[in-house]
Amino acid sequence: MTHPSPADRIIELRRLIRYHNDRYYVDDAPEIDDAEYDALFRELRDLESAHPESFDPDSPTRKVGGTPSAGFRKVPHAVPMTSLENAFSADDLRDFLSGIRNFILELRDPGAPIALVAEPKIDGLSCSLRYEAGRLVAGTTRGNGAEGEDVTANVRAIADIPHRLKGDGWPAVLDVRGEVYMSDADFLALNERQEAEGAKTFANPRNAAAGSLRQLDPAVTSRRSLHFFAYAWGESSEPFAQTQWEARAKLAGWGFVLNEPAEQLTVSGSDDSGLLRYYDNLRDRRASLGFSIDGIVMKIDRLDWQVRLGFVSRAPRWAIAWKFPPEQAATVISRIVVQIGRTGKATPVAHLVPVNVGGVLVSRATLHNEDEIRRKDIREGDTVVIQRAGDVIPQVAGVVLERRPAGSVPFRFPSECPECGSRLVREPGEAGTYCTGGLVCAAQARERLRHFVSRGALDIEGMGDKNIELFYDKGLVRTPADIFTLELRDGREAPPLATWTGWGEISAHKLFEAIRRASVVPLDRFILALGIRQVGEATARLLARRYLSLVRWRAAMEAAADPASEAHHELLSIEGIGESVADDLVAFFREPHNLALLDRLTLPSGGEPPLLSVGDFQPPAAAGAVAGKTVVFTGTLETMSRSEAKARAEAMGANVAGSVSGKTDYVVVGADAGSKEKKARELGLTVLSEAGWLALIDRGRGRDNDG
């Protein structure tokens, strides 16, 4: 038996997590449950930590949420709406507290007390409410964390949300954040009404709340009995508290309902009995609370420490969610099918006899790869234990062997692609199995087209999955270039689109107009649209920022095929791009059909202009004195830990590197700096003391505030 290489497993985990994030956050229709999701997320986080060369700023461990729905206006968040890191045991919680002590110098003494606020983790839909002069002016979903959906009209229909803040002392501008949820009683009543009316029922209260808040008709939302718990805030025009506990009291005084029961707790030394007691108490009471929770949240109480701790990737350092143990149920695998993705990856999926696991109806579960099936000896017809912890992704925890049917045989992984019949190949030492059909494989072609038109890429409204399937099956769109000639060919190879069932003049016109709009695209989104393995939104932006134009980027990638070339060295010097990503970029440009596609899309032909106009990247204005600069810290710092120093630099837009090179802008030296300081001085780099560094970033912050 071969085992997956870490790089291959990391790629597969990222793909799976992105897929299920969209099912959960965008569609409000999770296919599988949180136990496997949490396990996959932990495995990915651990692998990335053990293999830093796999760093990818687009990894799901560095992002949160899904793509905003097309049905609502998108609204950027003034302060990003992040997610929380998860703990699954008391040891995980202790590791979190240990990290806090290592970050905050004042807490290095193990006996120093840490004040925390403990709250129930509500199972609903995150929402931000913007108040100006005490009046509710906007409501926004979390979306992808950077921007969400404008649901202002709908949040006004929720009785728990004040249209005007009570009392006084509130900031002139305040974004109150919390969770829209549905009580257990209201959820049961809603499903009874839906069933009586022959309408869709909901799998759990979270899905019901999300579907109700994201109704295009606010009247529907008003009939769904939604509620809102406030527990945080984003933008605030002025400070209004010194601790999390004080802020909760302020929110309650201004008219918000809080997520109770909450407690203010203190951990001194190794005595965490108060936290354990709170966790056990809430776990035992969860069924009687009247609303769904899937764990507890612990937050550092002091707000000044929260500011210093800041954020890492997708989550704050100052808070953590401690999830409840998984729930389980048994069901039968009716069949195992192999699906083909856009890269040709063959992924086995178990189709289950639907089973309700803690309120979620589970009907499918990914089996990852051939090794996973063999390791657990999973077979068609088996009774399996499905495990969930929360409400997203299910895990096949194991097989109930005593209930295995007579005559059962091990599952044989196919040797041919179920879509095109091409060979399925698994390279030695890799976990993944791939279809060799390439562009002749319809499954890969359709998935690539879906990615090309997706919201983060070309974002062609009206070219969703259903229409991609339709145009592909009719032979009208087989490559991305075909999309941009669709209007020109309309009526030549098939009846005019406006005459098709379900279409008309208006809908056809809207589609063609959307395609025309998409024919002018920024460089970073074009790079993303190409679907290069491991190149997501953030990596595409890194490449666009470095090479600035399509011509320069393409020339550099083709030259980087020589590992000894300056182009290859420059590619690897980009912060966030390691050997694995570089290899995939080079591989893409080695394929003749990929180069032919680039030519067809972006070069003039037959006297006609190119199908696509790819705009040069426009670098943003510098955010401060160190924005865009590369900084190396070395030696022992006196006023802050190394972790805090790095976090502050990154928050101001600097790139923090671990080694000194000719591309380093600043080397900040503390006591016993050693060889890095010596090398910096030999190279003639700017060397700063800790005090000099602090003065520099303070000057930069002052300019930002003034302008």
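Analysis parameters
- Residues numbered from 1 in each chain as written.
- Predicted model: local features only at pLDDT ≥ 70, side-chain atom pairs only at ≥ 80, totals over all residues.
- Heavy atoms only, no water.
- Helix = DSSP H or I, 4+ residues; strand = E, 2+ residues; numbered from the N terminus.
- Rg over C-alpha atoms; globule rule 2.2 N^0.38 Å.
- Buried < 20%, exposed > 50% of the residue type's maximum accessible area, 1.4 Å probe, protein only.
- Contact = heavy atoms within 4.5 Å.
- Areas by Shrake-Rupley, 256 points an atom, 1.4 Å probe, with all protein chains shown as cover.
- Lys, Arg positive; Asp, Glu negative; His and termini not counted.
- Charge placed at Lys NZ, Arg CZ, Asp CG, Glu CD.
- Pairing = 2+ DSSP bridges.
- Axes fitted to C-alpha atoms, helices over the stretch in contact; angles between N-to-C directions.
- pLDDT = per-residue confidence, 0-100.
- Salt bridge = Lys/Arg side-chain N within 4 Å of Asp/Glu carboxyl O.
- Parallel < 35°, antiparallel > 145°, perpendicular 65-115°, else oblique.
- Left-handed = near helix turned anticlockwise from the far one by under 90°.
- Nonpolar A, V, L, I, M, F, W, Y, C, P; charged D, E, K, R; others polar.

Secondary structure summary: the protein chain contains 25 helices and 26 strands in total. A compact globule built from 707 residues should have a C-alpha radius of gyration of about 27 Å, and the protein chain, at 27 Å, falls within 12% of that. C-alpha atoms of the protein chain, sized along the principal axes, occupy 75 × 70 × 55 Å. In the protein chain, buried positions account for 52% of the 707 residues. Once local pairs closer than 6 in sequence are excluded, the contacts in the protein chain between residues at least 24 apart make up 69%. Put simply, the protein chain shows about 31,500 Å² of open surface, and 51% of that area lies on carbon and sulfur atoms. Each charge sign in the protein chain was given a centre, from 87 positive and 100 negative side chains, and these centres are 1 Å apart.

Further remarks concern the pairing of strand 23 (residues 630-634). Of all five residues that make up strand 23, five are buried, and the element is covered over most of its length. Because side chains alternate across strand 23, one face comprises the buried residues T630, V632 and T634, and the other comprises V631 and F633, equally buried. As defined by bridge partners, strand 23 adjoins strand 24 (residues 655-657) across three bridges and the pair is classed as parallel. Counted as the bridge partner of V632 is A657 from strand 24. For strand 23 and strand 25 (residues 666-669), the ladder comprises four bridges, and the chain directions are parallel. Each residue of the ladder has a partner; that of T634, found in strand 25, is V669.

Taken together, four strands build an open sheet; the order of strands is 24-23-25-26 and the sheet is parallel. Each having just a single partner strand, strand 24 and strand 26 (686-689) make up the two edges of the open sheet. Strand-to-strand twist of the sheet, defined as the mean angle between neighbouring strand axes without regard to direction, takes the value 30°. Against the sheet, helix 23 (residues 642-651) engages strand 23 and strand 24, with an angle of about 170° to strand 23. Of the strands in this sheet, strand 23, strand 25 and strand 26 touch helix 24 (residues 675-682), which is tilted by about 140° from strand 23.

The predicted coordinates should not be examined in detail at positions where pLDDT is low. Overall, the prediction assigns the protein chain a mean pLDDT of 86, with 91% of residues at 70 or greater. Here residues 702-707 is modelled with pLDDT under 50, and outside its nearest four sequence neighbours on either side it reaches three contacts, counting other chains as well.

Let's shift gears to the environment of G531. Secondary-structure assignment places G531 in the loop between helix 17 (523-529) and helix 18 (537-547). Along the backbone, G531 and R448 are 83 residues apart, and their C-alpha atoms lie at a distance of 6.8 Å.

Glancing now at the environment of G456. Residue placement: G456 occurs in the loop between helix 12 (442-452) and helix 13 (465-473). Residue classification places G456 among the partly exposed residues on the basis of a relative accessible area of 22%. Residues G456 and G607, 151 residues apart in the sequence, show an inter-C-alpha distance of 31 Å.

A complete count under the given rule lists 42 salt bridges for this structure. Across the salt bridge formed by D382 and R404, the nearest N and O atoms sit 2.8 Å from each other. With D382 in the loop between helix 11 (370-376) and strand 17 (383-388) and R404 in the loop between strand 18 (395-399) and strand 19 (424-425), this pair connects stretches of sequence that are 22 residues apart. Among the residues examined, D382 registers a relative accessible area of 0% and is labelled buried.

Where helix 20 (residues 566-573) meets helix 21 (residues 579-590), the axes come as close as 9 Å, and the angle between the chain directions of the two elements is 130°. Between helix 20 and helix 21, the angle is such that the two are oblique. Crossing handedness for the pair helix 20 and helix 21: right-handed. Across the interface between the two elements, H568, L571 and L572 of helix 20 pack against E579, A582 and L585 of helix 21. For the contact of helix 20 with helix 21, a count of residues per class yields four nonpolar, one polar and one charged.

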